[in-house]
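# Overview (structure and organization)
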Amino acid sequence: MLFHLAEPAALLGIVLALLIGIYAHDAAQVVVARLLQDPGPMRSGRLTASVKHHVSPFSAVAMIIAGVGWSEPIAMNDLRRGRRFHVAAALLAGPLAYLLLTFGALVGFTFVPQSLVVIEGSRIVELAGVGDFLGKLVLWLAVTFASLFIVSLIPIPPADGGRVLFGLGPQSPSWHRAEYQLRENNVGILILLALILLPTLFPGFPSVVDQLVLPLLDGLGGIINLRLR
C-alpha cells in the first residue's frame, strides 16, 4: 500500500477493499458458525468490534506495506472430533466471502468506461492503459479482494487454510506439536509475513500472491466475458 501513496484511486481502492473484505470475512464465518450450532463466534462481538479486534498488529503491518494481510482468527468450538467439519465449513466461509467480493468488483468493472488491463509489476500487480478514477478504483478493489482470498487459503495458521488443514488433519502428537509451533510460538505469522513482505520489499523475489492473483482474476473475468490482460 505504501507504494501507492501517489496514486489516489489505487490507495483508496486498497483501503476500501481491506475494510470491506475483513468485515465481510468475519461476518461470514460468524453467521455460518451460528447456523452450524456454534454460538461462540456470534457472542464474541466480532460483528460490531473495532478494526483492532479484526486485524492483529502483524497483519496490520503487512496491510500497510503490501496492501494485503489476514483476519485475526475467530475462536470456534472444535473440541469435539465430530465438529471438525462444521468448523472447517465456517472457516471456509471467510475465503468464500473474499471470492464473491472479487467477482462482484469485476462485475462492477464491466459498467465502468475504461481500457485498463492488469499486468505484473516489479513489486505488485499494476494497471496499464487509459482509465478514469472510478475504473482504477474498482479494479483495485478486485485485485485486493483476490489477494485477500489467496492469503486466506495459505495452509499455515493463523490463515484460514492453515486452520482448516490442522483441524481436519491427523490428530497425532507430531501433528499437534507442529500446530503448536505455528500458532502459539508465532512461527506461522513469521512465515506469512515473509511470504507477503519479501516480494514487496525486494523486487524479483517470488510472490505467491502475484503468481496466483492474475489467473484468479482471469478465471472469474471469463465467467462474464471480461478480459483483464
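Note that this is a predicted model, so its numbers are computed, not measured. (Residues numbered from 1 in each chain as written. Predicted model: local features only at pLDDT ≥ 70, side-chain atom pairs only at ≥ 80, totals over all residues. Heavy atoms only, no water.)

This part takes up unusual backbone geometry. A cis amide bond links Pro157 to the next residue, Pro158, at an omega of 15 degrees. Mapping Pro158 onto the fold places it in the loop between α6 (133-152) and α7 (160-168). A positive phi angle is found at Gln37, which is not glycine, with a value near 70 degrees. On the secondary structure map, Gln37 appears in the loop between α1 (8-35) and α2 (40-43). Take Gln37: its relative accessible area is 59%, and that puts it in the exposed class. The backbone phi angle of Asn225 is positive, close to 60 degrees, even though this residue is not glycine. Along the chain, Asn225 turns up in the segment after α10 (208-223). (Helix = DSSP H or I, 4+ residues; strand = E, 2+ residues; numbered from the N terminus. Buried < 20%, exposed > 50% of the residue type's maximum accessible area, 1.4 Å probe, protein only.)

Now for the side chain of Ser152. For Ser152, the position within the fold is in helix α6. When neighbours within four sequence positions are excluded, Ser152 is seen to be in contact with Pro95, Tyr98, Ala159, Asp160 and Gly161. (Contact = heavy atoms within 4.5 Å.)

For the structure shown, the criterion picks out 1 aromatic pair. Centroid distance Phe166 to Trp175: 4.8 Å. Interplanar angle 35 degrees. Geometry classified as tilted. You can call Phe166 buried: its relative accessible area is 8%. Judged by its relative accessible area of 22%, Trp175 is partly exposed. (Phe/Tyr/Trp six-rings, centres within 6.5 Å; stacked < 30°, edge-to-face > 60°.)

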